Amino acid sequence: MSDASGEEFTPPPRLDDVADKADDAPTSPLLPSAFFADGAEAFVSWRCTPAQDLISAAPKGHLRLWSGQGYYELARTVVAEGERYEKGTLSFVERDGQAHVESDNGQLACQRDARRESTTRKAAPGVIFQARGNEPGWLLELDRETSRMTLTTDYGEHVRTLPYHVARLDNGHQAAMTLRAHDDGTPITVRLRARACFDNMSGKPYPVQVSVEQGDQTLVGCGQGVERRD
């Protein structure tokens, strides 16, 4: 995230590598932890001054925070003025729908905005990641048990299930992933980045910016890792 001068907050990078390390971990390629809510019930968007949009998720004992520049995980500290979270020089203090964000590079005054329940396996069984976009409507789902993606386009008129491979995987503050597939010789490239993302029709918050490039068409939308929580 950046202050009014355009400088970015630069807290230490996250050291965790990938999510879903439980006994029932998927057999498909693992995804960066930053794509998930980590058990939190919902994602919350924040509208901030200077102009900045953030997204948070609050699992027990810590806070996950996404900006337009990257992903941050902050630990909870006990204070009298509300919920306070810290990571290095970055702090996030929340009270009564207001948040104050501060680092060495500046401060943000934020107002809570939209809330979206995190997608779980109950809603998307067999899926480890789900993304969607509009105009035209499309849906992308990554299978939990195999390296296969299902891409539904043109408002549901075309459905394709294709094998893919991971061409790029970055973790930590700049978590990102690139997937590649082919459909009858046409290359398909899926780019996933852990950044604040907002559905361009509903305004609902998501932790991953998604683009799907196929031929001369690029689909743009938002997504999240599907949670284990029922």
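1. A word on the nonpolar core
Part 1 of the argument: Judged by nonpolar contacts, the single largest core of 34 residues is most densely connected at Phe35, Phe129, Met149, Val190, Leu192 and Val210.
Part 2 of the argument: Elements with a contribution of two residues or more to this core: strand 2 (52-57), strand 9 (127-133), strand 10 (138-143), strand 11 (148-153), strand 14 (176-183), strand 15 (186-193) and strand 18 (208-214).

2. With respect to the packing of aromatic side chains
Part 1 of the argument: Per the counting criterion, the structure on display carries 4 aromatic pairs.
Part 2 of the argument: Linked through ring pairs, Phe43, Trp66 and Tyr71 together constitute an aromatic cluster.
Part 3 of the argument: The lysine or arginine in question, arginine 47, covers the ring of phenylalanine 198, its NZ or CZ lying 4.5 Å from the ring centre.
Part 4 of the argument: Across from the ring centre of tyrosine 206, 3.7 Å away, lies the NZ or CZ of arginine 116, which sits over that ring.

3. A few points about the sheet that holds strand 15
Part 1 of the argument: Taking strand neighbours across the sheet as the criterion, the 9 strands line up as 12-11-10-9-19-18-15-14-13 in an open arrangement whose pairing is antiparallel. Each of the sheet's edge strands pairs with one partner strand only, and the pair in question is strand 12 (158-163) and strand 13 (165-170). Neighbouring strand axes in the sheet, compared pairwise and without regard to direction, differ in orientation by 20° on average.
Part 2 of the argument: With 5 bridges joining them, strand 13 and strand 14 adopt antiparallel strand pairing. The partner of arginine 168 across the bridge, within strand 14, is threonine 178.

4. Let's talk about the pairing of strand 3 (residues 62-66)
A regular strand places its side chains on the two faces of the sheet in alternate fashion.
Part 1 of the argument: Counting buried residues in strand 3 gives 5 out of 5 residues, a clear majority hidden from the surface.
Part 2 of the argument: In strand 3, alternate side chains face the same way, and those of His62, Arg64 and Trp66 on one face and Leu63 and Leu65 on the other are all buried.
Part 3 of the argument: Looking at chain direction, strand 2 and strand 3 are connected through 3 bridges and run antiparallel. Bridging across to strand 3, serine 56 finds its partner in leucine 65.
Part 4 of the argument: In textbook terms, the turn of a hairpin is the stretch between consecutive antiparallel strands, and for strand 2 and strand 3 this stretch comprises 4 residues, one of which, glycine 61, has a positive phi near 90°.

5. Topic: the state of the cysteines
Part 1 of the argument: In total, this model carries 2 disulfides according to the counting rule given.
Part 2 of the argument: Bridging cysteine 48 to cysteine 110, the disulfide has an S-S length of 2.1 Å. Its S-S torsion of approximately 105° makes the covalent link between cysteine 48 and cysteine 110 right-handed. Placement of the pair is cysteine 48 in strand 1 (residues 42-49) and cysteine 110 in strand 8 (residues 106-117), with a sequence separation of 62 residues. The pair cysteine 48 / cysteine 110 is uniform in exposure class, with both members buried.
Part 3 of the argument: Covalent S-S linkage joins cysteine 197 and cysteine 222, the inter-sulfur distance amounting to 1.9 Å. Torsion about the S-S bond of the cysteine 197 and cysteine 222 cystine: about -75°, corresponding to left-handed handedness. Remark: cysteine 222 occurs in strand 19 (residues 217-225) and cysteine 197 occurs in strand 16 (residues 197-198); sequence separation between them is 25 residues.
Part 4 of the argument: Judged by relative accessible area, which is 8%, cysteine 197 ranks as buried.

6. Observations concerning the confidence of the model for the chain
Part 1 of the argument: Across the chain, pLDDT averages 88, with 87% of residues at or above 70.
Part 2 of the argument: Within the model, the stretch residues 2-18 combines pLDDT values under 50 with 45 contacts to residues more than four positions away or in other chains.

Parameters at a glance
- Residues numbered from 1 in each chain as written.
- Predicted model: local features only at pLDDT ≥ 70, side-chain atom pairs only at ≥ 80, totals over all residues.
- Heavy atoms only, no water.
- Core = buried A, V, L, I, M, F, W, Y, C linked by side-chain atoms within 4.5 Å.
- Buried < 20%, exposed > 50% of the residue type's maximum accessible area, 1.4 Å probe, protein only.
- Helix = DSSP H or I, 4+ residues; strand = E, 2+ residues; numbered from the N terminus.
- Phe/Tyr/Trp six-rings, centres within 6.5 Å; stacked < 30°, edge-to-face > 60°.
- Lys NZ or Arg CZ within 6 Å of the ring centre and 35° of its normal.
- Pairing = 2+ DSSP bridges.
- Axes fitted to C-alpha atoms, helices over the stretch in contact; angles between N-to-C directions.
- Disulfide = S-S within 2.5 Å.
- pLDDT = per-residue confidence, 0-100.
- Contact = heavy atoms within 4.5 Å.

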